[in-house]
Each structure stands twice: as C-alpha cells, then as structure tokens.
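Structural overview
Spelled out, the chains give:
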Amino acid sequence: MRAIRRLAIVTAALLAACGGGGGEAGEQAGAEGTPVDGDMLVVGLPVDADTFFPPLSNSVTSSDIYSNIYWYLMRSEPDFITFRPGLADSFTFSEDSLQVTFHIHPGITWHDGAPFTAEDVVFANDVCKSPEINWSSASWLDHISNVEAVDSLTVRFTYDEPYMYQVLDANVCYPLPKHLLGDVPYTEMGNHPIARSPVGNGPFRFVSWRSGEEIVIEANPDFVRGRPHVNRIAFRIISEGTTLATQIQNGDVDLWPRFTPPSFYPQFNTDADLVVHSYPGRSYTYVAWNRLDPLFEDKRVRQALTMASNRAEIVEALVYGQGHIGSQPLISTIWAHDPTIEPYPFDADSARALLEAAGWADTDGDGIREKDGRRLAFRIKTNTNNQLRVDIATVLQQQFRAVGADASPEPLEFNTFIEQLIGKEYQAAVGGWSVGIKPDMIPIFGQGELFNFVSANDPQLERHIREAEVTRDMAGMKEILSQAQRIVVEEAYYTFLFQLNDLHAIDSRFQNVDMNAYGWGFNLEEWYVPEGRQKYDVPLSASPMARTGADSATPPAGR
Amino acid sequence: MLGYILKRTLQSIPIVLGASTLIFILMHASPGDPTSIYIRPDIDPAVIEQMRRNLGLDQPVHIQYVKWISSFAQGDFGYSFSQKRPIIDIIKDTLPNTLLLSGVALVIIFTVGVLIGTLQAVRQYSLIDNLATIGAFFFYSMPSFWFGLMLILLLSYKLQWLPASQMTSVNFEFLPAGEQWVDRLKHLIMPALALGMGSAASVARYMRSGMLEQVRQDYVRTARAKGLSERVVIFKHAMRNALIPIVTLLGLYVPFLVGGAVLIETIFAWPGMGRLIISAIFQRDYPVVLASAFVLSIMVVLGNLLADVLYSVVDPRIRVEESEV
C-alpha cells in the first residue's frame, strides 16, 4: 500500500517538477541509531481543542498538545510517584517536610524570549486557585498554603501538613507567563490572545490553529535542554473513525493515539508500515448493578451473574486480547493495586447453584428463573456512542441466558445515560471508569456520593475509604484500600469486566518511541526519523514572534 | 419586484424566529447541559455549580430565552461554551467552507443533471437512456453518507488517488501556488460528489421528462421546419423552456444541501457549519446550536426566495405585479 503511494508521489513529483519528501529515495541511508533532526509528525485526533489556557481547558486534545508547549517544574514518571526533571532540575524537602523547594534550570525562556522565573510559578498558583477562573482541579492545591519565589531560580512551596502527594500537587498547575498575564483581570484571561496562541516554555512552540481543522506546533530550537528532533507536529481533527483509519493506513496520518474501537487492532497490527503500542491503561469496563432494585438487592444474585460472565471470552472476542480481566476497582496501573485479590472465576455451574440457593428457580420451564412472582428479567443500559459497550451488552445477554437470566440491552444517548445512572433509574448498566492518578474510592463507593449509583452501603467499607483519605503513609493507605477493595469484591456491587489497554498506532519510520502508562507522548521530544526515511521537508519558522500572536486563527499566507 | 422581495423578507422573519424558538425549547428539554461533560468523580460538584452560574444556566428557562433573544436582536451571537470564543468568529470561519462545498455541489447537480437529462431525452429508449435511468435511481435512493464512505474506501484507501479528509493537505503551505489549487480541488471533489449525486440524479429525471415534453411541442416542429440545425433546436430553444422548473428546483435544493452537508462534513472532516452544529449538539453548547440554526434557517428562507424570484424572471408567463406591495 505504501509502495503504491510512494510511486504515486514520485510520479506526481516528476510531473510537477517539484521536490517532494525524501521518503522515496530508499530506507537504509543514515545510521539508524543516531538521532537526526527533521520531518513532520501528523497526528489524527477526533476532537478539536477547546483552549490552550490550561486552567480553563477540559479537553484531552488540548492537554495532549499544550503539554508540549508548557512544562511543569518536575515531570512525572509513569508511576506518578517518582519524577524526572522538567523546568526544574531537582527538589529538596525541608527538615519538617512542610516545605518543598524546587531548583529551576538556568537559562529557560518563554517562547517570546522573556526569561522564565520563579515568579511565574507563584503567579500561576494564584491563577489556579482563584474562584473567577474556577479551575476544575483546584482542590488538588488545598494543602498548599503558600508559594514564594526565594530568588529567580528557586521556588518554595509550603504545605499545611506533610502527606503523600506533596511533589505531585506542586506540579499540576502549569507555570504561566506573568509578564503577559500579570495585569490581566482573572475574568478576562480566557479571552486573552494566548488562550488561542499560547506562549509557553516547553520543547515545542505554537505555530497555528485553524479551528476544527488543524493545530500545528514546531520544535523550539532555543529549548535549553536541547531541541526536539522532529521539526513539526501537525494535529489534524478528523471525527469519523473510518476516515481516520483510512488515512493512517494510506500514510496521510502518522499517529492515531487511543484509537477506537479496538476492532481496528488486527488490521493495524498486520500493516507492515505501522507499529501498534498496547499497554495496560487507566480505564476499566464494568457492569454496574443497582442494589436498590429488588432483583439485585441480594448479593448472591450479583455474585452469580459475575460468575456467569465469561470475561476471557469478551476480552478475546471484542477487544482482541488487548485487555486484562478485572478483579478490583484499583486496577493494575495504580500503585495501590492488590495482586492478591483474585477475579471471580467464570463458572456457570456455580452461578446456577448460587441463584438456586438465593431462591431463584425456573418453575415454569421457559428458561428464565422466577422468585416471588418476579422474573429475573432486566435491562442493561449503556451509551450508544461506544460500540464496544453495546457489543459487550449483547454478549452478556447470551451469557446470562445460559444461567437463566433474561437481559435486554438498551443503548442510550450519552447524556441521557449519565443522567439515568446518577439518578439510579437503571437496573444494570455497562459503563467504564477512568482511574485518576490518586487512588480514591470515595466518589464511587462513599455513601451519599453523587457517583455511588450502585448504592454501596457496607459500613465497614465506608469506614475504610474515609480513613484512607487521611492516612499519610503509603504502606498504611495501601493496606486500608486493600481491605476496602475486598469488601467491594465480596459484595459484587460491580462486575469488573476488564481493564482496557491503551492502543496507539504510529508509522514505523519514527524511532525511539516510548509509550507507557504516562501517555503516548511520554518522550515525544526524543522521537526522530532516520535520514533516509524522512517524508516531509518542512523547515522551522524563521522567527518565533512571526508565528505567535492574535492573528493565528487566520490561515497562513498562500491560501 | 423589489416590493415583492421586501414583502417576502418581512414574512420570513417570523419563520426564522419561530424555528429558532423551537430549537431553543428542544435543546433545553433534552437531558444534560453544557456542564455535563464535567460531571466526573474527580471534579467537585461545587465547581460545576459555579460553572452553571457563570454561564447563566441557573436562571429559569424563560429568563434565558429573553436574554438570548434580546442579545440576538442586537447582533450579539454570544459566546461558545465549548470553543471559548465569540460565536461570530466561529461562524466566520465555518460558513464560507459550507458555502464552498454546497456551491460546488450545486454546480455538479446542475451540470450533470441537465446534461444527462438532455442526453436521455434526445436518445429516448436507447441503451444510454436505460443505463442512465438505472444509474439515476441508484444514486437517488442511495444514502449520501454511505456513498461518501464508499468513495473514501475506493478512491482513498484502495486506489489512493484522492485524500480522504479536510480541505487541504498537511504540507499545504509549503506547496507552490499552482499546486495549492490542485490540492484544494482534490480535497473538494469527493465530498461535493457525495453531496450532489443524489440530487443530480433527480434533476436528470426532471430534465429528461421536461425535454421530452418540449420536444413534442409545435414550436420545435416549426423550428425544425425552418431549417435550424438539431443542435440549435435542442440547446437554444427546447432546453430553455425545459430549464424553467429546474431553475426553481435549485433554489429549493439549498435546504437539502445544508442538511446533507451535516453528514458529509462529518465523514470528510470538512470544517463547515454542518459539523459545527453536530458537535455543538452533542456538547450541549446552546449558543452555538441556536446561532447555527439561525444562520441555516436564513439560508433556507433565502433559498426559497431565490427560487420564487428566479421563477418569475425565467418564465415570462409569470410576472410579479409591480404594484404589489
């Protein structure tokens, strides 16, 4: 497929007497091991960015992009417990652990040339905490009582008490350019030009944003830790999955991060020009049971239906093996995961026996169990815009029928689905949770919490999860969370189906690509394309100031 | 004529207003609101409440309606919740793209439809006629989005002749000016075809029957008797009269184009108003939905007005009274 395309390019190039990319010349030129500068990475994303002002942004696309334009002082490793240098080289704790001091690497500048200093960190902290900005993650800063600039390269955070996440919480609010925003009222910051054309301090600088079409960033040649090797990254917004799949396979797009649905896995995996990265992600798919419904108030019914679900079959058939069978809410990528908690076995016989013991028997011979005049018949709700979940509901229907339960899938529009879940207007539901960096079971299992739509009510569980919130040391927290998880598993409020892998497909010409639980762009600035395989000949812009500015919403010259 | 246009314009104001109000009611009646995407376990409900207050969503619905109407009347289209910028800028970016796509589709509809229809009429019952009839029914009954996907799979995936999405290639700004035009054309052809083929087929059917009717008229016999060449008879005389209903059809196709553009734009990632309205609906971005609906209903009204005006211009038997006001 790519060979035909190369032939077409070469032919077109000859006809148009124009030099194309260098990809046709052959693939062996250049030492493959030595990074080389140049080429462009074309990324396909389904949703447009909303804004590039981090405290106001809630779009994954936005953060995928601005995380290369803005950097934190320290950047997380994939476990989110240890850190690697970012804008700062290192940090030190005070004797009483109430203060953490960060040492900023000298020579870092904003993309407009102004120096980056500790004042920018202090300023950002004020912005992130302000009620006018109303940053959705502002609660992460609750323990930080003060941020001060000791000198231009040293910034000190003071906390109200020592706890596990001190360094992490100091690195969730991106430092912002005080020299540009310092005099702007908080209510106006979202409208400032840098929300649409950001001025950052990271390895990539902003070039242009054509709304709904394309966002372009390029290597920052002045970046103090060394410029990225790839010259330019173009993010193209393509909402239709089929179109995006076509384009990554014919070479128009180089990278499709988090591709979905997983049914694309086999064809991408067998495509010789693509490399598929698959590793355990941070989300899991479940069946939620409404404990308040008379059918599911007995935990034996919930346990039985869990054992009736053949999760291995679902993972193999629907996710092409790109997932792990689930056992607990704190999945394998979280540090608090307890490997000693086993998933329920797939055991249809035990499931039937358990249902019988709970009083559910098929007295009228129609294949469906009854009890007290009520049939074990229910609806499984899910959201229409996720084909995988709809398919899971269908497969579960068949698996539940084998033990005498009649489940009918009911796909709903997404917002409707969420409303009904929260309002507990459901019997069973197939859904998914994304697990945050900090393991916190309260929102989903705490009594009275908005998202406890399974109505978990075990008093011991409640005690454990509240206690975990105030525990300071890792070992202690892990022990308490394990106990809490065992209760959740025993009560079978959820049937944990599987933990989904993150799936990314990238053109094979990119080298040094390390994708992991941190994200697909973990070491984006280290990727490169060997000389003989470079496809696009795109220069860096002459002057950084020529590209940034309020005018970037208009197309570049030449259209 | 001018009076007629003015009268029609005034008549269309309540129509546009009514359509926008209906959409306002429907949007607010559906579950969810712009803050729905923020309802997640890791976000404090107090944050969401503050967001609702900031966006004015905590006010009763009729107050929101009055506020929206009054700002609309003053030309303020409002601020997008999802794109976080003034809606007038969004419309300025997207409307030209939809107009371009619809315009080219309209050209395709007209030329393909008229030519095929005429050809069918002069070669009635021939093989060409029958094949074209089958083709017309095929394209007419086929859903446009399916046709779009098939075009992508064939021309982009299998043959790799044309790009599958968007308006320009990723290295567009580095291409010389001549190549830029070719690039834009290559991106335009598939979506325009997908959008236009169905309607082109029906235009061909109308043209065919229109021409057949004209060709049997006495004036055509007279023209032939006068010794005019067949080409002049068909193209200069018969076609002119057969075009009368076609021309009015074009004005009526504007709403179909605007509606069909929604699907085609999504499939081809064409950054136009159709795709804008779809994503705004899913994100419950009320101001954008209302503003887009407003613009689209104006286009529909203008399309109908255009059809009526053209009809009276093209057909000398129908003339609007100048004194009518």
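Residues numbered from 1 in each chain as written. Chains lettered and ligands numbered in written order. Predicted model: local features only at pLDDT ≥ 70, side-chain atom pairs only at ≥ 80, totals over all residues.

**What to know about the overall build of chain A**
For the record, the criterion: Secondary structure elements are taken from DSSP: a helix is a run of H or I of four residues or more, a strand is a run of E of two residues or more, and numbering for both begins at the N terminus. Computation of the radius of gyration draws on C-alpha atoms, with the globule rule given as 2.2 Å multiplied by the number of residues to the power 0.38. Buried residues are those with 20 or more other C-beta atoms within 10 Å of their own C-beta, exposed residues have 12 or fewer, and partly exposed residues lie in between; C-beta atoms are placed from the backbone. C-beta atoms are first placed from the backbone for all residues, and any pair lying within 7 Å is then listed as a contact.
Helix and strand counts for chain A come out as 16 helices and 19 strands. Taken over the C-alpha trace, chain A has a radius of gyration of 26 Å; the compact-globule value for 559 residues is 24 Å, and the two agree within 12%. Across its three principal axes, chain A shows a C-alpha extent of roughly 80 × 65 × 40 Å. Per-residue burial for chain A yields a buried fraction of 45% across its 559 residues. Taking as baseline every contact in chain A between residues at least 6 positions apart, the subset at least 24 positions apart corresponds to 70%.

**Looking at the confidence of the model for chain A**
Residues and elements named next belong to chain A. Where we set the bar: The pLDDT value tells you how sure the predictor is about a given residue, anywhere from 0 up to 100.
Across chain A, the average pLDDT comes to 89, with 91% of residues at or above 70. Counted against residues more than four places away or in other chains, residues 3-31, with its pLDDT under 50, gives 37 contacts. This stretch, residues 544-559, has a pLDDT under 50; its non-local contacts, to residues over four places away or in other chains, come to 30 contacts.

**Observations concerning the pairing of strand β1 (residues 40-45) of chain A**
Residues and elements named next belong to chain A. Note the cut-off: Any two strands are treated as partners once DSSP identifies two or more bridges connecting them.
Among the six residues that make up β1, six are buried, leaving the element largely enclosed by the rest of the structure. Alternating residues of β1 divide into Met40, Val42 and Gly44 and Leu41, Val43 and Leu45, and every residue in both groups is buried. Sheet topology places β1 next to strand β10 (residues 232-237); six bridges connect them, and they run parallel. Residue Val42 lies in a different strand from β10, and its bridge partner there is Ala234.

**A few points about the interface of chain A and chain B**
Our working definition: Three residue categories are used. Nonpolar comprises Ala, Val, Leu, Ile, Met, Phe, Trp, Tyr, Cys and Pro, charged comprises Asp, Glu, Lys and Arg, and polar comprises the others, including Gly.
At the junction of the two partners, chain A supplies 45 residues and chain B supplies 48 residues. Where the side of chain A that touches chain B is concerned, the elements lending two or more residues are α1 (2-16), β10, α6 (241-249), α12 (414-422) and α13 (442-445) of chain A. It is α6(A) that provides the largest number of residues to the side of chain A that touches chain B, a total of five residues. Among the residues making up the side of chain A that touches chain B, the classes are represented as 18 nonpolar, 19 polar and eight charged.

**Some thoughts on the packing of helix α5 (residues 127-141) of chain B against helix α7 (residues 177-215) of chain B**
Residue and element names in this part refer to chain B. Here is the rule: For every element, the axis is a line fit to its C-alpha atoms; helices are fit only across the contacting stretch, and the angle between N-to-C directions ranges from 0 to 180 degrees. By definition in this entry, angles of less than 35 degrees are roughly parallel, angles greater than 145 are roughly antiparallel, angles of 65 to 115 are roughly perpendicular, and the rest are oblique. Rotating anticlockwise by less than a right angle from the far helix to the near helix defines a left-handed crossing, while the corresponding clockwise rotation defines a right-handed one.
Across the interface, α5 lies against α7 with an axial gap of 8 Å and an inter-helix angle of 140°. It follows from the interaxial angle that α5 and α7 lie oblique. Considering how the two elements wind past one another, α5 and α7 form a crossing that is left-handed. On α7, the residues that touch Ala132, Ala136, Phe139 and Tyr140 of α5 are Met197, Gly198, Ala201, Ser202, Ala204 and Arg205. Among the residues making up the contact of α5 with α7, the classes are represented as seven nonpolar, two polar and one charged.

**Some thoughts on the pairing of strand β17 (residues 406-412) of chain A**
Residue and element names in this part refer to chain A. What counts, and what does not: By convention, orient the strands away from the viewer: a clockwise path from the first strand over the helix to the second makes the crossover right-handed.
By the bridge criterion, seven bridges tie strand β16 (residues 377-383) to β17 in an arrangement that is parallel. Each bridged residue has a counterpart across the sheet, and for Asn383 the counterpart in β17 is Leu412. After leaving β16, the chain enters helix α11 (residues 387-401) and then returns to the sheet as β17, a path that is right-handed.

**Overview of the packing of α7(B) against helix α9 (residues 230-267) of chain B**
Residues and elements named next belong to chain B. It is the contact of α7 with α9, at a shortest axis distance of 9 Å, that shows an interaxial angle of 160°. In terms of orientation, α7 lies roughly antiparallel with respect to α9. Crossing of α7 over α9 shows right-handed handedness. Its residues assigned to classes, the contact of α7 with α9 shows 19 nonpolar, five polar and no charged.

**Describing the sheet that holds strand β5 (residues 99-104) of chain A**
Residues and elements named next belong to chain A. The strand order β4-β5-β7-β6 describes an open sheet built from four strands, whose pairing is antiparallel. Each end of this open sheet is capped by a strand with a single partner; those strands are β4 (88-93) and β6 (144-151). For this sheet the average axis-to-axis angle between neighbouring strands, irrespective of direction, equals 20°. As paired strands, β5 and strand β7 (residues 154-159) are joined by five bridges and run antiparallel to one another. Within β7, the position partnered with Gln99 by the bridge is Thr158.

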